[in-house]
Structures are given as structure tokens and as C-alpha cells.
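Structural features, examined
Read off the chains here:
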Protein chains: 4
Amino acid sequence: MTIRVGLVGYGYWGPNLARNFHQLGALTTICDRDGKRLSQAQRLYPAAKTTSDYRELLEDKDIHGVVIATPAQTHLQLAKEALEAGKHILVEKPMTMTSKEGEELVATAQKYHRILMVGHIFEYNPAVIKIKELISQGNIGRIYYIYSTRVNLGQVQRDLNALWSIAPHDLSILLYLLEAMPLEVSVRGASYLNSQVEDVVFIHLMFPEGIAAHVHASWLDPSKMRRVTIVGSQKMVVYDDVDNEAKVKVYDKGVHIRGEIYGEFQYRLHSGDISIPQIDLTEPLRNECSHFLSCIEEGKTPQTDGHNGLRVVRVLEAAQRSLNHQGKTERV
Amino acid sequence: MTIRVGLVGYGYWGPNLARNFHQLGALTTICDRDGKRLSQAQRLYPAAKTTSDYRELLEDKDIHGVVIATPAQTHLQLAKEALEAGKHILVEKPMTMTSKEGEELVATAQKYHRILMVGHIFEYNPAVIKIKELISQGNIGRIYYIYSTRVNLGQVQRDLNALWSIAPHDLSILLYLLEAMPLEVSVRGASYLNSQVEDVVFIHLMFPEGIAAHVHASWLDPSKMRRVTIVGSQKMVVYDDVDNEAKVKVYDKGVHIRGEIYGEFQYRLHSGDISIPQIDLTEPLRNECSHFLSCIEEGKTPQTDGHNGLRVVRVLEAAQRSLNHQGKTERV
Amino acid sequence: MTIRVGLVGYGYWGPNLARNFHQLGALTTICDRDGKRLSQAQRLYPAAKTTSDYRELLEDKDIHGVVIATPAQTHLQLAKEALEAGKHILVEKPMTMTSKEGEELVATAQKYHRILMVGHIFEYNPAVIKIKELISQGNIGRIYYIYSTRVNLGQVQRDLNALWSIAPHDLSILLYLLEAMPLEVSVRGASYLNSQVEDVVFIHLMFPEGIAAHVHASWLDPSKMRRVTIVGSQKMVVYDDVDNEAKVKVYDKGVHIRGEIYGEFQYRLHSGDISIPQIDLTEPLRNECSHFLSCIEEGKTPQTDGHNGLRVVRVLEAAQRSLNHQGKTERV
Amino acid sequence: MTIRVGLVGYGYWGPNLARNFHQLGALTTICDRDGKRLSQAQRLYPAAKTTSDYRELLEDKDIHGVVIATPAQTHLQLAKEALEAGKHILVEKPMTMTSKEGEELVATAQKYHRILMVGHIFEYNPAVIKIKELISQGNIGRIYYIYSTRVNLGQVQRDLNALWSIAPHDLSILLYLLEAMPLEVSVRGASYLNSQVEDVVFIHLMFPEGIAAHVHASWLDPSKMRRVTIVGSQKMVVYDDVDNEAKVKVYDKGVHIRGEIYGEFQYRLHSGDISIPQIDLTEPLRNECSHFLSCIEEGKTPQTDGHNGLRVVRVLEAAQRSLNHQGKTERV
């Protein structure tokens, strides 16, 4: 059986989804309200249908899945309509703007027995999957803390701050690697271009067992940096997404307590080899799109299902409360 | 006139001070309580006197200045004794452990009309001085925010956390570049090796005029990073201390608001040339030691005088209060 | 008028040409003898015709230009047939396998008044064009020498050695920047995988006015490097194609002779700022394809016309003679 | 027994030798004809004797070894006098200016039963030693070829070209790693600053068993590069001396022939993990100086003895002949 999908939203990210689903032979229809974008899409994908009417897409019996790449504020409405029309859905991140909306979406998907998948792309990224493996195999030892820097110049959003537009990536990675929800979150941000929208946020998270995490997200930075560092008791890992040769570096490094002498701790530094595991270079979005298709075909639950998407929304929601109160610690 | 100095403390940093003052022809005496270290010093500087008795150093009429590179907890006592003995002093950072101690030291220096200089080395670093120049000349425009990452593996301290042992560098740089004290500070940290001492801290500072700053300091990190980023309205600057070819990069980059259309801001991204100004490669510590000698010789007030050192201590003190209260915002 | 092209050869490079001509709205037909490749092409470009019969492509009245991305040994034959069928052609590099073939091709294009363009892609690369500008404006001073390293692991060829398959890029860049033919060439190479085909070559070229050039090309190297260094009397330039932030670095550096004292030259080293000009990020192949279309539309002579392609073939031919004689210097 | 050495030549490299022998407690005397340099030396090493009379150094019974860091043209004379005076010697590279001189020096050392050591510092470099180990253990497989780039701006020599002043490092590394002499050498160079002295040379070497090597040495380059790449059948190694975190990278990469199908070779590319072995960070010159002292103390033959130094001179000599004849291949 060939699974076919329709895409709604051909703005910033939509073209990437279109390209991948086209390459997978699954793209049937592209929907956008903007006529100029639609005709661009039509030129690149002459065999696809294009429409500015979402209804048309939903009523197409040939379409099994709907891919939603519209502004986050519209996700709930569009996703519900698709589920009600019997379509499986892949919705971009953040899944919804509130956890209440998120719960409604999860419930709707359950009611209609449809697949609800969220576009948390990093959980399909071979580098992140490799790090997860290293952690699971006990290579890293006890995780002390993780910090992530995701900054660049550009992709300034008008109504979604850096917390909601950039940090979902980092939160998704953290929840995936740690397999836990944070207990508390505290966020500080600053707005420069538009006083209503934070251009930069610093997020501090406390996870169970004393694991701390820190995220710096910004669209106002001179230099592209996408770097996650995991500090463990046995090894340390740096995941640098912009380094083509060495995306993941595993440092055989650590500080160990040798004992106490006269009440003073004695430390021993250990700095061994660095290893750079070979990482599959498939485009992560290709893996994500492919996963959506095979979930539909085989009736599987996606890696990033609605519950997964909802967890990230819950953290964002608590984070936004903290941001509104100048970094006050909020329970998640 | 040849200025001569005695050094107390030949542990981690002392040898660097000894080497520089020796190269400047000013090193007379080295004092340390540890006999093994003293004999190492003696072997390298056979013409210098070595002693384990600080009194001996203070009573030496040939010594004009005393350089204090002992643990921070001992700074006040040793510095006061030196000032009372009529010596000028250069004391390592942090100057003291409390602002009360700091005020006492400043007062003592004033009383005895001696020079009190603090080893805030980055204010003698040609890269930092170049950035200060760029800011003063208006090249950067309005400063939006500054963030600094100073992490490495090693130099684990037993009784001084990462805030007091690493972050004084960043605070000194921030106060120097912004010519202002922060209004508020909030700090979160975590202890892994020893529950009493934070290995990593994240510091958030609010300066006047809405300028934010953020510092990440840690001695538990796989990779050495010493990087300060200044985001301005006109240009952006990255100071990367471990990049030998491009210590300072000036990015002709920014986002500008072009106007509002139907209530929506219109942004224009601008990404021009990068320039890497030529930076004098003199060792910053050499400049610092040299400055101390010329301040003594010419009776000048040092760039990093007691007031300067005290300002940093005041910020550290407020930061420590915040750290003790899980990141509560503290006025400085 | 919409210019339409047909592509012959959908192997390694063909898919990139197809993608770009498709995005430019010009792709009509794809031709390849391999059915599997054809069906891949068909899936990606469902609106394009596919055929294994080159005749079909040539006879299509709707096609103005033919793009030839087949093995170099077949270029002459396919190109001549296309010209004779009244098509303009874009042929991949190397244009032909001998200068005799090249002359024949140039003559054929002239006879039929068709455009003959060669895919020397770097002459459409904004970084290379920027360097050419810097040279033309006299910024570099007198050029002393240029060296180029183009190495990677992969793209092992069975019948075309590294000289013919990799070095045409470097030769094209050199001839473009220097606006001159080399006087002499000397090449040494080595074959490891297959004794008949050199995996690595080192090319030494002498240009007029004492300008030297050196090229290292290999497909047997651990690390991708694509770097051209231009050493001039006033400035020096490094073009690093794999550095995304700093593709072109202009070093205000040089050594100057201050004079002679007692028969000894006195040198003065000068090491100033580095500047990284902003480079347009358009895909060079897009520029190349676009140029082919507008040459057809406007009847212009391409930047990389047949004479240009022939010059590169002449150098390759002399270089191959040298390689056959263990590096003997050959006149071009 | 404490070994004591005297140093002759306190110009560019001498100060580094002085510093290391001083730190090893072995520096007794510094000799230079230039009074200004001598007084600099005296200031840094007040306990050392300084003299402009080499005789004085040679007649000092307390000195066991003489370290010669004068211009290469003076090596033979100064070294012979030292050996005849019963001193062991460490002479900088190149050991002599001709192989005839080199043979004379080796013979003199043998006659007087003194140690003759040459300052081929890279054979004391932990990174190079680690690579040698990897080769010896068979990790690399069969070595295909090695290439080395040693370029920078500066250290322009007045009477020694880049071949004699820079390339001895690369030749020493090659002979050490391959444990063989090259059969043939071919060199091309170019002179820009001074028509008598080549600023840049490209050296091509053929070793037994088809192993090729290539060296690019220059003092007229915008960017410091010191990089040796070893391409083997099983693994590939990059030694980048200016990369502090990853001096040695071992790439588990290769191309393998899977067989022949219809007369065409079938290749399989293999690209696995990269590993960065931990390298001891001791200054290589410290290891070299230390080795000289222990050879004297224990009567051992140095790693880089006179025969070793002579082998490098023989290659340089053949290389110079080739350079004089525009790259003609010369037997070594």
C-alpha cells in the first residue's frame, strides 16, 4: 500500500516537508492560503494538487495523513478537523499553545483512533539517537548536567518568542535523553526588537536525581551555534550540529574523588581519548517523514506521539509562567 | 629607579607571576609555606631570595611591592600587613571574600597612601581593550546583551566554588565593558564532586538601560571554552580566547525593524562582512605586571584599583546570596 | 520565452543538474541508459519525460538546450550530435579527453551557431568571483603564487584519474584568476587502488611573470579539504570552501624588503587585520544553470565557453604527458 | 651526577634551549657574539655564566655537553671543536650543510667517543611517537602516501632557503615514520623576496615499496599550518600540530577493492569512527633536552644521533640538486 499525505502550510518549514514527502513518493496535495506560495509549490511539484481550501484536502479520500506546518496558534483547530475527517496527522512543534489544547488533541486522536505525531525532529536525528545509546549502555556514567546552546541570526518571529519557537528542540532532546520530566523550571529572557516578544531566553531546569539542565536560545546572535553538552561522571559528550566531521565527540574525561585527607577532598583528573562515532548522514527530516508513513502503514505509535508533544508543551507552559514572573521557579 | 617586588604564594598562579616579574627584572623574593614549592622556585630563580616567613619579605627594605597569590581567604590579612609595612600591593582576584573586607582593604591602602591593585587580568588583555575601544567609538551601536562561557576541565577548588574562582574574570570584563554596576543578579549552580562547592554556575545579570548579561562558569566540562559574545544593535562581537587566529571577530550583522504594517513588525536581516582586528599578542599578565611596576614608579592609580576590585566583590556577594536562595533575584 | 533543456546522464552529477534546471522551470526531458536511474528520475520529476534513447531527446523541438553529464569519454560524440541537431549545449568538465577533440567541438559549435558552454562551476561561485574582484582592484598586489588542495575520500573513478576528474576545478580557477595560460606543467601522481589510475596527483605550474601554482588533488584522503591560497605582495587570501562562516579570508599580511645593509636584506613582517567579505550564498550550480539559460535566451557567449573549456583541456593534456614521464616538465 | 651544559647561540632558537636546560637544572654557560643578546640572557639566567668567547666554554671542565644553536654554516666548525675538547654535543638542524661535512662530524664524534645528537625535535614529539606506534602495531595497514604542509608567515632566512630551514622537520618525521631512505627526490621552489633564496618549496619523494611523500614548506603564507597526513590501506591519520584538542586524528576510513566485474574494479568505501588518542602534553623540546642529558649520563646513543642527522642532510643535498635543476628527479 502506498501511503499518501497532504501538506497544509507552505511557508518557512513546509517546503522541507514537501521535498521529503515528495522524495518518499507520498506527496499528494499542498494547501496554503497564500497564492504566491501555492504557485511556487506547483512549479516544484507539478504532479501534486494545490489548493487554498483546507476542506478540499480533508475530503480527499486518497489522502491518509495530513502534515500541519502552519503557525502554532492554528495547530489545534487544523489538527482536530483532520482527525475528525479520519486523517492521521503529523503536526509541527510546538504541538499546541497550551497543555489544555494539547490534552484535547490527544483525546481527539484517541477517540478517532488516528495517529497523532509531533515533529520533534531531533528524536529522529542519528546523532541524538547515538547519544541516547551511549547513555543507555552506561558509557556516560551518572549524568551530572546537560546544557544546550541554540542561537543564530534570523528566523525572527512576530508572535512566538524564542522560548516557543526555538527551545522546543532542546526540551525534546532533554526529555528524550533523560527519559524524565523536569520538576522545576526557571526562565529569564529579554526583548530587544519588539517589546512583546523575547528574542533570547535562558532556561534552567531541575530534573529528578539532581540532574540540572540549561538552555540558551536566541535568534539574535552573530554566529550559528547548535551545541549540546552532556557532562557525566564517566564520560562527557559534545553534540555539535554544525560540525560536519565531528557531530558527536565522546570525551573519556572526568574528575574523580580519591578520598578525603584531613577533611579535604582529593581529586584526580582524568583526560583520555576522544572518540567520534560514525553517524549516519541521512537527513533527520527524511527519517521523521519516513517514520510517519510507516506508523500509518503498520499502525504503530510514533516515537513522538501526542503524549510526547504534550510533555514538551507542559514544560513550555511552566517556562512561560516563569518568564512572566522574572525567572521565578515554577513547578512543571 | 628599579622597582622590586616580593611574591607570596607559589602555588597554581604564583609561578606565572614569578616568571613575568623575573622577566621584567623586578623579582626579589618568593615566599611560600610549602618547602617543596620553595625549592622549585629557588631552582628556577637562583638569584631570588626564598623564604617561608612572610615577615622577612615585609621587612625587606629593598622591596617596594608585594604580590599576593595565596588563597582568597588569606588576602585581607596578608594585604593589610603589607600595606602597614609600607608596601604597595597587587592582590589576586577575588580581592577579598566579602565587601566588608574589601572596604577595609581600600581604607587601609588610602590610610597608608599605598597602591592597591587587583589582578583582574582581562582588563590588561589586548583583545578586551580592543572591544572596549569598538564600543566607545560607537561601532557596536546600543548593546543589547552580553554572554560569556568560561568552562574547562580542571582547577577544581576545594573551598571556593565556580562563582568565586572562575566568574570574577567575567564580572570584571562586564563591568569594564559596560562601565556600570548590575542592578540585580540571579545565580543557579550545582555541586557534583563535593556537595558544599558548586562546580558549575549560571549567572544572570541586569544592568541599567535594559542590558542583560549571562555567565556560564564551570570546571567540569569536556572542552575548554572562553568566549564572550556582545550583541549590539549595529554590530556583534565574539571574543574567543582560545582561537589563536581570530580572537576578536566583529560581525557587521543585525536585525532592523523596517516599520509596522497592519500592526505587524517588518524585520530586515542584515549580514555583512566579518572583520578580525589585529590584536597585540603580548601576554596579558606581562601587561598587568608591567602596569603594577609603572604605577609604583609613577605614583599612578591602577586600572584595576581597590574600588574596581571591591565592585567585583560586591557583585559576587549578591550573587552568592542568590545562589544560596535557589536563584532568587538579588539587588547588588 | 521559456527556455527548455534536456539532460543526458543521470548518474553522480546529473541529479544536481536536474534539480537546478527543474527549480528554474526549464527541465523537460531526462535521458539515461540505465533504467533504474531513469525511474528514480521519473519519481522525482513526474512532469519530465524520461527516455533511454538520446535520439528522442535530440528530435524534440521543444528542447533548446542539451545538458551533457555523461562520462567524459562520451562528451565529444554526444555534444556533436546535439549541436548538429541544432541544440545549444552545456557539457560537464572535462569538456573532452584531448585538445583535438576540443577543437573539433569548438568548430562544430561555431559551424552551427550554437552555444557551447562547459560546466566549470567555480567560475560561477560567488567566492571565486569575489577573489577575482579583489585581484582586479589591485588589493592583493603582485601575485606571488597560488596553491590549491582538493582532497576527500570517495568518488573513486575507474577510468579517469584524479588529474582529469578532480583537477579541472583547480585549473579552471587558476586560469580564471590569473587570466593567463601556464607556460609549463609538471605532474607526479601515484596509483594505489588500481595501478592504471592515479588516485592522487601533485601538479606544478609556471605562469608568466614568475607566478607559480601548485595543485594537490586526491580522492584518497581522510578529510575533505577544498582550499585555495593566494599569496600576494600586499595581501593574502584563503578560500576555504568547506568553512561556512568564512569562505574567503583576506589577510592584510606580507613581508617587505626594507633595504639592504652590508649586503644583507632587511625584512619587515606586517600582520594586520583579517577581513571576511560577505559572500552571496546562492548555490553556484544554480548560477551556472541560470547563466546557460540566459545565454540561450539572449544569444550571449557564456563565461565558460568552448575556448575556456579547451584551455583547460590543453593544460590537462600537457599535464598527462608529464605524469606519463614521471614529472618531466612539459610546455603547455 | 648532575650533567651540565653550555649553550652557544642565543638568537632565535637558543632562548628556548636555554629555558629548557635551565628548567632541567643543567644550564651553566651561554655564549653568543652579540653583546645585547648576552645581556638579555644574563638577566633571565643570572646564575649562568655568559661569554662571547667560545674557547672559554670549551675549556670549562664543569661542562659535559655543548648545545649548538648557531647558523647552520657554522655547525661543523663549532661542533668539531667541541668534540675535540671532549664535550658531548647537541647540534641544531640541519646538522651540516653537506653530507661530506656530516660524515666528517660523525667520524669526529666516533674518534673522540663523544655523543653527537641532532636537534630533530619531532622525534621527541609525543604526537609523532604515537603515530609511529600506530604504524608499528599495524593499525594503519600498508602506507600509501604521506604529505606534509609546514607553512607560516615569518622566520624569513637570509641565506638558508625554505628547503634547508623548514623542511628538515618534515624529512626527519618521514624518515622516522617510514624507517627508510627515499630513493628519489624532486623539488621545485620559488623565490619572491630575494631571488637567491627560495621562500617556498614543494618536495616530492619516492620511498621503497611505492610509498610516496610530498612536502610543502614556506615562510610566505597567510596562515600557520603544520599538518601531516598519512594515508594507509586500513586507516588514515592526520597530525595537526596547531590543533590543541585533536593533535592526532585516526580515521577508520578506507577504500577497498571488492573484486572485478567484467574487467571493472568494484570499490567499497568505508568510513567509520574517528579516534583522537590522548597525547602527552610535555613540551617536545623538554623531552629532547632531557634525552640529551640522559644519553650523556648513561652513555646511550641518542635517538637522533649523527647518522640520523646525516641521513637528513643527504636527502637535503639531493633535494637541493633537484631544486637547482628545476625539479629534475635526483637519486638520494
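Here's a quick rundown of the structure. Please read all numbers here as calculations on a predicted model, not as lab measurements. In every chain, residue numbers begin from 1 and rise along the written sequence. Each chain takes a letter, starting from A, and each ligand takes a number, starting from 1, following the order in which they are written. Totals for whole chains, interfaces and linings use every residue, but because this is a predicted model, local features are given only for residues with pLDDT of at least 70 and side-chain atom pairs only at 80 or more, for both listing and counting. Working from all heavy atoms in the structure, the side-chain values ignore hydrogens and water.

Time to look at the overall build of chain A. Within chain A one finds 10 helices and 15 strands. Between the two quantities, the radius of gyration covers C-alpha atoms and the globule rule is 2.2 Å times the number of residues to the power 0.38. The C-alpha radius of gyration of chain A comes to 21 Å, within 12% of the 20 Å expected for a compact globule of 332 residues. Dimensions of chain A along its principal axes, counting C-alpha atoms only, are 80 × 45 × 40 Å. Partly exposed residues are those whose accessible area sits between 20% and 50% of the maximum for their type, while under 20% is buried and over 50% is exposed, using a 1.4 Å probe and protein chains only. Expressed as a percentage of the 332 residues in chain A, the buried residues total 61%. Residue contacts follow a heavy-atom distance rule, with two residues in contact if any of their heavy atoms lie within 4.5 Å. Long-range contacts, defined here as pairs at least 24 residues apart, represent 64% of the contacts in chain A between residues at least 6 apart. Surface exposure of chain A reaches about 13100 Å², of which carbon and sulfur atoms provide 46%. Put simply, chain A has 37 plus and 39 minus side-chain charges, and the middle of one group is 1 Å from the middle of the other. Where helices and strands are cited, they refer to DSSP runs of H or I of at least four residues and of E of at least two residues respectively, numbered from the N terminus. The method behind every accessible area is Shrake-Rupley, applied with a 1.4 Å probe, and residues are considered shielded solely by the protein chains displayed. Charged residues are defined here as Lys and Arg on the positive side and Asp and Glu on the negative side; His and the ends of the chain fall outside this count. In plain terms, the charge of a residue is placed at NZ if it is Lys, CZ if Arg, CG if Asp and CD if Glu.

Turning our eyes to something else, we now look at the packing of helix α8 (residues 168-178) of chain C against helix α10 (residues 306-324) of chain C. All names here are of chain C. Where α8 contacts α10, the two axes come as close as 10 Å, and the packing angle between them is 120 degrees. Between α8 and α10, the angle is such that the two are oblique. The two elements α8 and α10 meet at a crossing, and its hand is right-handed. Residues Pro-168, Leu-171, Ser-172 and Leu-175 of α8 form the contact with α10, whose participating residues are Arg-311, Val-312, Val-315 and Leu-316. Put simply, Ala, Val, Leu, Ile, Met, Phe, Trp, Tyr, Cys and Pro go in the nonpolar bin, Asp, Glu, Lys and Arg in the charged bin, and everything else, Gly too, in the polar bin. For the contact of α8 with α10, the residue count by class is 6 nonpolar, 1 polar and 1 charged. Between N-to-C directions, angles cover 0 to 180 degrees, with each direction set by a line fitted to C-alpha atoms, over the stretch in contact for helices. Orientation is classified from the angle alone, with under 35 degrees giving roughly parallel, over 145 giving roughly antiparallel, 65 to 115 giving roughly perpendicular, and any other angle giving oblique. By the definition used in this description, the sense in which the near helix is turned from the far one sets the handedness, with an anticlockwise turn below a right angle giving left-handed and a clockwise turn giving right-handed.

A few words now on the relation of the copies chain A and chain C. Mapping between the two chain copies consists of a rotation about an axis together with a translation along that axis. Between chain A and chain C, the superposition needs a rotation of 180 degrees and an axial shift of 0.1 Å, giving an RMSD of 0.0 Å. Here the two chains are linked by the operation of a two-fold rotation axis. Relative to the rotation axis, the closest C-alpha in chain A is found at Ala-47 of chain A, a distance of 3.3 Å. A symmetric contact is evident, with 100% of the interface residues of chain A recurring at the interface of chain C. Our superposition of the copies is a least-squares fit, built on the C-alpha atoms of residues whose pLDDT is at least 70 in both.

As a further point, take the interface of chain C and chain D. Chain C puts 46 residues into the contact, and the matching count from chain D is 46 residues. By definition, the buried area sums, over both parts, the 1.4 Å-probe accessible area that each loses when the two are put together. In total, about 4300 Å² of surface goes out of reach between chain C and chain D, with carbon and sulfur atoms giving 64% of it. Taken as a group, Arg-158, Tyr-192 and Pro-222 of chain C account for 17% of the area that chain C buries against chain D, more than any other trio of residues on that side. Basic side-chain nitrogens of Lys or Arg form a salt bridge, by our definition, when they fall within 4 Å of a carboxyl oxygen of Asp or Glu. Joining chain C to chain D, the criterion identifies 0 salt bridges. Only β7 (143-153), β8 (184-190), β9 (200-206), β10 (212-218), β11 (220-232), β12 (236-240), β13 (248-261) and β14 (264-276) of chain C provide two or more residues apiece to the side of chain C that touches chain D. By residue number, the principal contributor to the side of chain C that touches chain D is β11 of chain C, which donates 8 residues. Tallied by class, residues from the side of chain C that touches chain D come to 23 nonpolar, 16 polar and 7 charged.

Residue and element names in this part refer to chain A. Pairing within the open sheet is parallel, and its 6 strands lie in the order β3-β2-β1-β4-β5-β6. Every other strand in the sheet has two partners, leaving β3 (49-51) and β6 (116-118) as the edge strands with one partner each. If you compare each strand with its neighbour and ignore which way they point, the axes differ by 20 degrees on average. Think of it this way: DSSP has to see at least two bridges between two strands before they count as a pair. Pairing of strand β1 (residues 5-8) with strand β2 (residues 27-31), which is carried by 4 bridges, proceeds in the parallel orientation.

With that out of the way, let us pick up the interface of chain A and chain C. Each partner contributes to the interface: chain A provides 8 residues, whereas chain C provides 8 residues. If you sort the residues of chain A by the area they bury against chain C, His-22, Arg-43 and Leu-44 of chain A come out on top, with a joint share of 45%. At the junction of chain A and chain C, the tally comes to 0 salt bridges. Counting residues per element, the ones that place at least two in the side of chain A that touches chain C are α1 (14-23) and α2 (35-44) of chain A. Class assignment of the residues belonging to the side of chain A that touches chain C gives a composition of 3 nonpolar, 3 polar and 2 charged.

Further remarks concern the sheet that holds strand β4 (residues 65-68) of chain C. All names here are of chain C. Spatially, β3-β2-β1-β4-β5-β6 is the arrangement adopted by the 6 strands of the open sheet, whose pairing is parallel. In the strand order of this sheet, the two ends are held by β3 (49-51) and β6 (116-118), each with one partner. Sheet twist, expressed as the mean angle between neighbouring strand axes with direction ignored, is 20 degrees. By the bridge criterion, 3 bridges tie strand β5 (residues 88-91) to β6 in an arrangement that is parallel. Residue pairing for β6: Leu-90 is matched across the bridge by Met-117. Each of β1 (5-8), β4, β5 and β6 is contacted by helix α9 (residues 284-298), which is oriented at about 160 degrees to β5, the strand it contacts most.

Relative to the assigned elements, Arg-142 of chain A resides in the loop between α6 (126-136) and β7 (143-153). Here Arg-142 of chain A is in contact with Glu-209, Val-231, Gly-232 and Ser-233 of chain A together with Tyr-192 of chain B, once residues within four sequence places are set aside.

A few words now on the packing of helix α8 (residues 167-178) of chain D against helix α10 (residues 306-324) of chain D. Residue and element names in this part refer to chain D. Relative to each other, α8 and α10 sit at 120 degrees, their axes nearing to 10 Å. If you check the angle between α8 and α10, you find them oblique. Considering only the axes of α8 and α10, their crossing is right-handed. On α10, the residues that touch Pro-168, Leu-171, Ser-172 and Leu-175 of α8 are Arg-311, Val-312, Val-315 and Leu-316. Split into classes, the residues belonging to the contact of α8 with α10 amount to 6 nonpolar, 1 polar and 1 charged.

Turning next to the relation of the copies chain C and chain D. The two copies are related by a screw operation: chain C maps onto chain D through 180 degrees of rotation and 0.0 Å of translation along the axis, at an RMSD of 0.1 Å. The residues that chain C uses at the interface reappear at the interface of chain D in 100% of cases, marking a shared surface.

In this section: helix α4 (residues 75-84) of chain B. For an α-helix, the turn length of 3.6 residues means that residues three or four places apart are oriented alike. All names here are of chain B. Listed in full, the buried residues belonging to α4 are His-75, Leu-76, Leu-78, Ala-79, Ala-82 and Leu-83. The inward-facing, buried residues of α4 abut β1 (5-8), α3 (54-59), β4 (65-68), β5 (88-91) and α5 (99-111). Just past α4, the residue Gly-86 takes up positive phi, approximately 85 degrees.

Our next topic: the pattern of salt bridges. Residues and elements named next belong to chain C. The tally for this structure, following the rule as stated, stands at 68 salt bridges over all chains. Among the ionic pairs, Glu-104 bridges to Lys-80, the shortest N-O distance being 2.6 Å. Of this pair, Glu-104 sits in helix α5 (residues 99-111) while Lys-80 sits in helix α4 (residues 75-84), and the two are 24 residues apart along the sequence. Residue classification places Lys-80 among the partly exposed positions, given a relative accessible area of 22%. Here Asp-240 and Arg-227 are joined by a salt bridge, their closest N and O atoms 3.9 Å apart. Note that Asp-240 is positioned in strand β12 and Arg-227 in strand β11, a separation of 13 residues in sequence.

Another aspect to go through is the pairing of strand β11 (residues 220-232) of chain B. Residues and elements named next belong to chain B. With 11 of 13 residues buried, β11 is to be regarded as a mostly interior element. Strand direction decides the pairing type here: strand β7 (residues 143-153) and β11, joined by 9 bridges, are antiparallel. Bridge assignment links Leu-153 to a residue of β11, and that residue is Leu-220. Relative to strand β12 (residues 236-240), β11 runs antiparallel, the two being bridged by 5 bridges. Considered in β12, the bridge of Thr-229 is made with Val-238. In this antiparallel pair of consecutive strands, β11 and β12, the connection spans 3 residues.

Another aspect to go through is the side chain of Asp-221 of chain A. Mapped onto the fold, Asp-221 of chain A is located in strand β11 (residues 220-232). Buried Asp-221 of chain A, no salt bridge; nearest opposite-charge side chain is Arg-227 of chain B, N-O distance 5.5 Å. Leaving out residues up to four positions away in the same chain, Asp-221 of chain A has contacts with Val-151, Asn-152 and Leu-153 of chain A together with Tyr-145, Tyr-147, Thr-229 and Met-236 of chain B.

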